Amino acid sequence: MAGSIVKKSSLSAKGILYIENGAVYLENPDTGEAVSMDKLLADFEEKTVSMSVSYNEEFETAVIQENYQEE
C-alpha cells in the first residue's frame with residue numbers, strides 16, 4: 001500500500017547559468033539577482049533526483065532554409 005501515496009517535491013527555475021570558480025549560479029533575467037545552485041537545491045540534498053537542463057537557440061530563417069536544402 002505504500003506505493004499508492006507519493007509526495008513529490010520539485011524545483012523549477014529559469015534564468016542565465018553562470019559557473020565561476022567551481023560555483024554555479026542562476027541569474028534571474030528580470031531582476032539581475034544571482035542565486036547559488038547549492039541554495040536552490042538544498043532541500044534535495046542526499047535524495048535521489050533527476051535533473052534536466054536545456055536552452056533554446058533562435059535561428060534566422062535563412063539558416064533554417066539553408067540546412068533544410070542540404071538534406
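Here the structure is a predicted model, which is why all the values come from computation and not from measurement. (Residues numbered from 1 in each chain as written. Predicted model: local features only at pLDDT ≥ 70, side-chain atom pairs only at ≥ 80, totals over all residues. Heavy atoms only, no water.)

Focus: the pairing of strand 2 (residues 23–27)
As paired strands, strand 1 (residues 16–20) and strand 2 are joined by five bridges and run antiparallel to one another. Each bridged residue has a counterpart across the sheet, and for Leu17 the counterpart in strand 2 is Leu26. Connecting the antiparallel pair strand 1 and strand 2 is a turn made up of two residues, with Asn21 showing a positive phi of about 50°. (Pairing = 2+ DSSP bridges. Helix = DSSP H or I, 4+ residues; strand = E, 2+ residues; numbered from the N terminus.)

Details of the environment of Val24
Tracing the sequence through the fold places Val24 in strand 2. Along the backbone, Val24 and Val35 are 11 residues apart, and their C-alpha atoms lie at a distance of 8.6 Å. Ignoring any residue separated from it by four or fewer positions in sequence, one finds Val24 in contact with Leu17, Tyr18, Ile19, Val35, Ser36 and Met37. (Contact = heavy atoms within 4.5 Å.)

Description of the confidence of the model for the protein
Averaged over all residues, the pLDDT of the protein equals 85, while 82% of them reach at least 70. When pLDDT is averaged over each helix and strand of the protein, the minimum, 60, is found for helix 2 (residues 61–70) and the maximum, 95, for strand 2. (pLDDT = per-residue confidence, 0-100.)

Description of the environment of Val53
Mapped onto the fold, Val53 is located in the loop between helix 1 (37–40) and helix 2. In this structure, the C-alpha to C-alpha distance between Val53 and Leu17, residues 36 residues apart in sequence, is 10.0 Å.

Structural notes on unusual backbone geometry
Of note in this structure, Asn21 is not a glycine but carries a positive phi near 50°. Given the relative accessible area of 84%, Asn21 is considered exposed. With phi around 65°, Glu46 is a residue other than glycine that occupies positive phi space. Overall, the relative accessible area of 79% leaves Glu46 in the exposed class. (Buried < 20%, exposed > 50% of the residue type's maximum accessible area, 1.4 Å probe, protein only.)

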